[in-house]
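Each chain, written out:
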Amino acid sequence: MDGEVQPKASRADTTVDRRIGRILISRDEIAARVAELGEAIGRDYAGRTPVLVGVLKGAVVFTADLLRAIPVPAAMDFMAVSSYGSGTRSSGVVRLTADLSLSIEGRDVIIVEDVIDSGRTISYLRRNLATRHPRSLALCGLLDKVSRREVEVDVDYVGFVIPDEFVVGYGLDYDGRHRELPDLAVLEPVTPS
Ligand code: PRP
């Protein structure tokens, strides 16, 4: 690649054929865990109206489900970021590509991520949002690839700790595809016969 800058979506080599493999987490397991997370957030934010900040695009499906699982009034907004790296590794350079439409000053904010990998995206977002003086700032991640962590981050609500596998479905993509799948499945390389 000779230092060529590429979007992080290239983490899984696009020159290799891949197919949907085994289901890692089923739709029923996801729904049960999202319900538990919603209850926990509802207890912690009783009497308040948190703002869920979903990180586009992967977290859209999770954010929408989580919003409905939280038994207190909650607002919802979105941000988009891009991170760039060479080849299969992120360089850690994160850039804001779409900002919130709401002010979060004085609000109780919960950042909602689909997957926390190196931790760089969430670390950037935490720093960025903290400068806007929210009343509180928490993080909820559906999937946590703990073994991939490069930057220490405190995750307040975790759906599932998963191994370092390329996962698609429930909002997560491979090269823009497979976000619509209701289960979380492993993307596997196709071995030539
Ligand atoms: C994924 C995910 C997080 C980020 C986590 O986004 O949604 O935002 O990567 O990785 P990190 O912890 O190493 O920073 P992606 O770039 O795949 O974009 P998408 O959500 O639009 O699919």
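Heads up: the structure comes first, above all this text.
This text gives an overview of the structure that appears in the document. Since we're looking at a predicted model, the values are computed, not measured.

**Side note on the nonpolar core**
Now for step 1: In this structure, I41, F62, L66, I110, C140, L143 and L184 are the most contacted members of the largest nonpolar core, which totals 26 residues.
Now for step 2: Mapped onto this core, the elements with two or more residues apiece are α1 (27-44), α2 (60-69), β6 (108-116), β7 (136-144) and β8 (157-161).
Now for step 3: When near neighbours in sequence (up to four residues on either side) are disregarded, F62 contacts V34, L37, V112, E113, C140, G141, L142 and Y170.
Now for step 4: In this structure, V51, M79, V81 and V94 belong to the second largest nonpolar core, which totals 18 residues.

**Some thoughts on the sheet that holds strand β9 (residues 167-168)**
One key point about sheets: their strands pair by backbone hydrogen bonds, in either a parallel or an antiparallel sense.
Now for step 1: Taken together, the three strands give an open sheet; going across it, the order is β2-β10-β9, and neighbouring strands pair in antiparallel fashion. Only two strands of the sheet have a single neighbouring strand rather than two, namely β2 (18-25) and β9.
Now for step 2: Sheet topology note: the β2/strand β10 (residues 184-189) ladder contains five bridges and is antiparallel. The residue bridging R18 from the neighbouring strand is P189, located in β10.

**Thoughts on the side chain of N128**
Now for step 1: Structurally, N128 is set in helix α3 (residues 120-130).
Now for step 2: Apart from residues no more than four positions distant in its own chain, N128 is found in contact with M79 and L96.

**Looking at α2**
Now for step 1: Those residues of α2 not exposed but buried are F62, T63, L66 and A69. Relative to the axis of α2, the buried residues are bounded by an arc of 125 degrees and lie together on one face.

**What about the packing of α1 against α2?**
Now for step 1: In contact at an axis separation of 8 Å, α1 and α2 are set at 55 degrees when each is read in the N-to-C sense. Relative to α2, the element α1 is oriented oblique. Between α1 and α2 lies a crossing of right-handed hand. Where α1 approaches α2, its residues V34, A35, L37, G38, E39 and I41 are matched on the opposing element by F62, D65, L66 and A69.
Now for step 2: Looking at the contact of α1 with α2 residue by residue, the classes come out as seven nonpolar, one polar and two charged.

**Brief notes about the site of the ligand**
Now for step 1: Taken together, 16 residues are adjacent to the ligand, and E113, D114, S118, G119 and T121 come closest.
Now for step 2: Within the side chain of T121, an N or O atom sits 2.5 Å from an oxygen atom of the ligand.
Now for step 3: Protein chains bury 86% of the 500 Å² of accessible surface belonging to the ligand in isolation.
Now for step 4: Secondary-structure elements contributing two or more residues to the shell around the ligand are β6 and α3.
Now for step 5: Its residues assigned to classes, the shell around the ligand comprises three nonpolar, four polar and nine charged.

Cut-offs and rules
- Residues numbered from 1 in each chain as written.
- Predicted model: local features only at pLDDT ≥ 70, side-chain atom pairs only at ≥ 80, totals over all residues.
- Heavy atoms only, no water.
- Core = buried A, V, L, I, M, F, W, Y, C linked by side-chain atoms within 4.5 Å.
- Buried < 20%, exposed > 50% of the residue type's maximum accessible area, 1.4 Å probe, protein only.
- Helix = DSSP H or I, 4+ residues; strand = E, 2+ residues; numbered from the N terminus.
- Contact = heavy atoms within 4.5 Å.
- Pairing = 2+ DSSP bridges.
- Arc of directions from axis to C-beta.
- Axes fitted to C-alpha atoms, helices over the stretch in contact; angles between N-to-C directions.
- Parallel < 35°, antiparallel > 145°, perpendicular 65-115°, else oblique.
- Left-handed = near helix turned anticlockwise from the far one by under 90°.
- Nonpolar A, V, L, I, M, F, W, Y, C, P; charged D, E, K, R; others polar.
- Near = heavy atom within 4 Å.
- Polar contact = N/O pair within 3.5 Å; in protein donor to acceptor, adjacent residues only side chain to side chain.
- Areas by Shrake-Rupley, 256 points an atom, 1.4 Å probe, with all protein chains shown as cover.

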